[in-house]
Amino acid sequence: SILPCILMCIAGCKSNNDETGNLNLGYADSLQITISNKTGMYPDDSIYFSIMGNDINRNLCWLDSNNKLVPVNTKDNTMPVAGEYYCNYFHQLSKMKVIKLAYLDGGRIRYSIGKPLRMKITANNPNAKFTDADWNNSNDPNRTIIYDKTEITYINSNLYINTSAVDFFGIPMELSALINGDS
């Protein structure tokens, strides 16, 4: 059966819901999220995730393995698949379970099973700057990959998460949130 993603606030995290129902995590300047695999079927080394979103200067960025937001670039399309080249902004869950953010606007955590999603950074798409996986496109190289996504924004110590991303709800993951330095 398909289980929902879970968001938990742990380890002394100050929390309350604001008037819009969004979770407010206090006043520290850095968010730490731990991602836990709750599939019960797939080991952590077969789960991949990527985080992309806008930095404080409105640059579309990806989160590298050092928890740094790096602006996307067409030169990142280095992963060859069937004669095309895609970026690889994905991390294996077995190698990186904790992410730290000071700011992220309009972000997505994308999860995939078995291999990273094929996403291409594009210079000619002013709206998105990349091609996302699309089950409706019969030519999409991701059609055989099980994937999911979570919407995430962290601005001014406020965390906004949509674990179902409106029309996605397939890979059970648990996200635990903590404000660094908050006791």
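Residues numbered from 1 in each chain as written. Predicted model: local features only at pLDDT ≥ 70, side-chain atom pairs only at ≥ 80, totals over all residues. Heavy atoms only, no water.

Asks: So what about the overall build of the protein? Which residues, and what values?
Replies: A tally of regular secondary structure across the protein gives zero helices and 17 strands. Looking at the 183 residues of the protein, the share that counts as buried comes to 48%. Long-range contacts, defined here as pairs at least 24 residues apart, represent 70% of the contacts in the protein between residues at least 6 apart. When the accessible surface of the protein is split by element, carbon and sulfur atoms take 48% of a total near 9500 Å². (Helix = DSSP H or I, 4+ residues; strand = E, 2+ residues; numbered from the N terminus. Buried < 20%, exposed > 50% of the residue type's maximum accessible area, 1.4 Å probe, protein only. Contact = heavy atoms within 4.5 Å. Areas by Shrake-Rupley, 256 points an atom, 1.4 Å probe, with all protein chains shown as cover.)

Asks: Tell me what's going on with the nonpolar core, and back it up with residues and numbers.
Replies: In this structure, Ile35, Phe49 and Tyr111 are the most contacted members of the largest nonpolar core, which totals 22 residues. Only strand 4 (31–37), strand 5 (47–54), strand 11 (98–101), strand 12 (104–113), strand 15 (146–155) and strand 17 (173–179) provide two or more residues apiece to this core. Ignoring sequence-local partners within four residues, the contact set of Tyr111 consists of Ile35, Tyr48, Phe49, Ile146, Tyr147, Asp148, Lys149, Thr150, Ile171, Met173 and Leu175. Ranked by size, the runner-up nonpolar core spans 15 residues in total, among them Tyr48, Met52, Trp62 and Tyr147. (Core = buried A, V, L, I, M, F, W, Y, C linked by side-chain atoms within 4.5 Å.)

Asks: Can you tell me about the packing of aromatic side chains, naming the residues and giving the values?
Replies: The relative placement of two aromatic rings is captured by the distance of their centres and the angle of their planes. Applying the stated criterion across every chain, the model contains one aromatic pair. Considering the side-chain rings of Trp62 and Tyr89, the 4.4 Å spacing of their centres and the 10° angle between planes classify their relative orientation as stacked. Linking Trp62 in strand 6 (residues 60–63) with Tyr89 in the loop between strand 9 (84–86) and strand 10 (91–92), this pair joins segments that are 27 residues apart in sequence. Across the pair, Tyr89 and Trp62 agree in class, each one buried. (Phe/Tyr/Trp six-rings, centres within 6.5 Å; stacked < 30°, edge-to-face > 60°.)

Asks: Pulling in residues and values, what's your account of the confidence of the model for the protein?
Replies: Predicted coordinates in regions of low pLDDT should not be interpreted in detail. Residue-level pLDDT values for the protein average 79, and 75% of them are 70 or greater. Mean pLDDT in the protein bottoms out at strand 3 (residues 23–24), which sits at 39, and peaks at strand 10, which reaches 97. Contacts from residues 1–28, a stretch scored under 50 in pLDDT, to residues over four places away or in other chains number 66 contacts. (pLDDT = per-residue confidence, 0-100.)

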